[in-house]
Amino acid sequence: MSTARRPLLRPGDGIDSQEFVEPVQLLQRIMIKLRLLPISQPINGRFDSALEKAVKVFQMQNDLKMTGIVGSETWAVIDRKLGITPAPTPSPTPSPSPQPVRRYPVLQKGDGIQHPDLMDSVKTLQELLVKARIFPQDEIIDGKFGNNTEAAVRRFQSLNNLLVDGVVGRETWSALVSGPVEVYEPERQTGLSQFDVPRIIASIPYPDIRAYARDSVPLILQSCLDYGVTDLGQIAYVLATAEHESHLGKWMTELASGWAYEWRSDLGNIYAGDGPRYKGRGFVQITGRANYRYWSGRLGIDLIGNPELAANQDIAADLLVLGMRDGSYTGHSLNDHILGSRQNFVSARRIVNWLDRAEHIAAIAREFLRALR
């Protein structure tokens, strides 16, 4: 007795999708025959909780993973129990011209995000995951290999008895397309080399700011990489903030005297002279003894004794990126407003200064994002 190739079945099939009603009915009859469902069980083609429990019991009895999902491995054991032999593989029909083997890049988390040139390949992967019913039909195909895509790849690998590493290599691609493939390792630029720095600087419309950006933009980009800020939208907003607040290094020390901050206890200015001593410095211009003390502890640098160090661009780049990443300025962080396809550049102004000039800075961020891409 032979059988055709069995479909992948999982809880919910036959309930939400009519195309699986008949296969689920067959599975119900099998579970009844194996005495894992009562004979009174209605053959309704619905993969409900009772059928899921029966499948898990069968998997447990046969040393299979108790997933409740009936894939190729579970079907093979079912067929063996029922004495069914696999259908013979038909002899391939000779083709007058062999079809070229499809070629794909090895993909991993971060592709399409840090490496935009791989976005089309990641989109292909996401579309195949939808077709395999790992992703839902309404999944956003954005070409970014983030946490959701990695989790989906691992699930697909687990269901298909592949190495579960979240990396899409030859075996995973082959299983996704149901055929042989060739794979290659794409070139992934690392460090600052992944950014077209001259293009980013050239996108700034003001010559006086571009002059300072030649030094500051590479430092800010490197700090982003050093502290794990790799989302292009977040990097764009960090640069936009630095351009607005300090013209990317033109104004690293507040122009005002700082006496307006004298005896401002809310800023920690409790000693005579604290106002001008701890006035605004840096790409986002931290202000007040309390902020200088906080960043002294964070960076391990004596900014209390040497407040002018906050205007050093290397140190200021770290202050800028860490403060925006962690929400150190207002409690709002980059992840709260910008991540992947969620790019709320207007509300992101809350990260530094609530909604002051929010639309203006959002427009700057959009221009930087175009240059980064």
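Residues numbered from 1 in each chain as written. Predicted model: local features only at pLDDT ≥ 70, side-chain atom pairs only at ≥ 80, totals over all residues. Heavy atoms only, no water.

A closer look at the overall build of the chain
Line of reasoning, step 1. Looking only at helices and strands, one finds 15 helices and 6 strands in the chain.
Line of reasoning, step 2. Expressed along its principal axes, the backbone C-alpha trace of the chain runs to roughly 95 × 55 × 35 Å.
Line of reasoning, step 3. Sequence separation of at least 24 residues holds for 53% of the intrachain contacts in the chain that already meet a minimum separation of 6.
Line of reasoning, step 4. When the 42 positive and 42 negative side-chain charges of the chain are each reduced to one mean point, those points stand 6 Å apart. (Helix = DSSP H or I, 4+ residues; strand = E, 2+ residues; numbered from the N terminus. Contact = heavy atoms within 4.5 Å. Lys, Arg positive; Asp, Glu negative; His and termini not counted. Charge placed at Lys NZ, Arg CZ, Asp CG, Glu CD.)

Side note on the packing of aromatic side chains
Line of reasoning, step 1. Scanning the entire structure with this criterion turns up 5 aromatic pairs.
Line of reasoning, step 2. Between Y278 and Y292, the aromatic rings sit 5.1 Å apart at their centres with planes inclined by 55°, giving tilted as the arrangement. In this pair, Y278 is assigned in the loop between helix 10 (274-277) and helix 11 (289-299) and Y292 in helix 11, connecting sequence segments 14 residues apart.
Line of reasoning, step 3. Between W295 and Y329 the ring centres are 6.2 Å apart and the planes differ by 40°, which places this aromatic pair in the tilted class. Of this pair, W295 sits in helix 11 while Y329 sits in the loop between helix 12 (313-326) and helix 13 (334-337), placing them 34 residues apart in sequence.
Line of reasoning, step 4. A residue is classified by how much of its surface remains accessible, and Y329, at 23% relative accessible area, is partly exposed.
Line of reasoning, step 5. An aromatic cluster of three or more residues is present, and its members are Y294, W295 and Y329. (Phe/Tyr/Trp six-rings, centres within 6.5 Å; stacked < 30°, edge-to-face > 60°. Buried < 20%, exposed > 50% of the residue type's maximum accessible area, 1.4 Å probe, protein only.)

Things to note about the packing of helix 9 (residues 232-246) against helix 15 (residues 358-372)
When two helices pack together, their arrangement is given by the angle between the helix axes and the distance between those axes.
Line of reasoning, step 1. Following both chains from N to C, one finds helix 9 and helix 15 inclined at 130°, their axes separated by 8 Å at the closest point. Comparing their axes, helix 15 and helix 9 come out oblique. Handedness of the helix 9/helix 15 crossing: right-handed. Of helix 15, the residues touching helix 9 (which contributes L232, G233, I235, A236, Y237, L239, A240, T241, E243 and H244) are H360, I361, I364, A365, F368, L369 and L372. (Axes fitted to C-alpha atoms, helices over the stretch in contact; angles between N-to-C directions. Parallel < 35°, antiparallel > 145°, perpendicular 65-115°, else oblique. Left-handed = near helix turned anticlockwise from the far one by under 90°.)

What about the environment of A132?
Line of reasoning, step 1. Here A132 lies in the loop between helix 4 (119-131) and helix 5 (147-159).
Line of reasoning, step 2. Look at A132 and you get partly exposed, because its relative accessible area is 23%.
Line of reasoning, step 3. With 124 residues separating them along the chain, A132 and L8 place their C-alpha atoms 9.4 Å apart.
Line of reasoning, step 4. Excluding its chain neighbours within four sequence positions, the residues that come into contact with A132 are R10 and F156.

Thoughts on unusual backbone geometry
Line of reasoning, step 1. If you check the backbone angles, H247 has positive phi at about 55° while not being a glycine.
Line of reasoning, step 2. Here H247 shows up in the loop between helix 9 and helix 10.

Overview of the pattern of salt bridges
Line of reasoning, step 1. Tallied over the full model, the rule gives 12 salt bridges.
Line of reasoning, step 2. D326 is the salt-bridge partner of R298, the closest N and O atoms lying 2.9 Å from each other. You can see R298 sitting in helix 11 and its partner D326 sitting in helix 12, a full 28 residues away along the chain.
Line of reasoning, step 3. Among the residues examined, R298 registers a relative accessible area of 31% and is labelled partly exposed.
Line of reasoning, step 4. Residue R370 is joined to E367 by a salt bridge in which the shortest nitrogen-to-oxygen separation is 2.2 Å. Of this pair, R370 and E367 both sit in helix 15, 3 residues apart, which is roughly one turn of the helix.
Line of reasoning, step 5. Ionic contacts of the salt-bridge type, sharing partners, join the residues K109, E150 and R154 into one network. (Salt bridge = Lys/Arg side-chain N within 4 Å of Asp/Glu carboxyl O.)

Things to note about the side chain of D13
Line of reasoning, step 1. For D13, the position within the fold is in the loop between strand 1 (2-3) and helix 1 (21-33).
Line of reasoning, step 2. Here R133 takes part through its side chain, which lies 2.5 Å from a polar atom of the side chain of D13.
Line of reasoning, step 3. Excluding anything up to four places from it in sequence, D13 contacts L8, F20, V24, G45, R46, F47 and R133. (Polar contact = N/O pair within 3.5 Å; in protein donor to acceptor, adjacent residues only side chain to side chain.)

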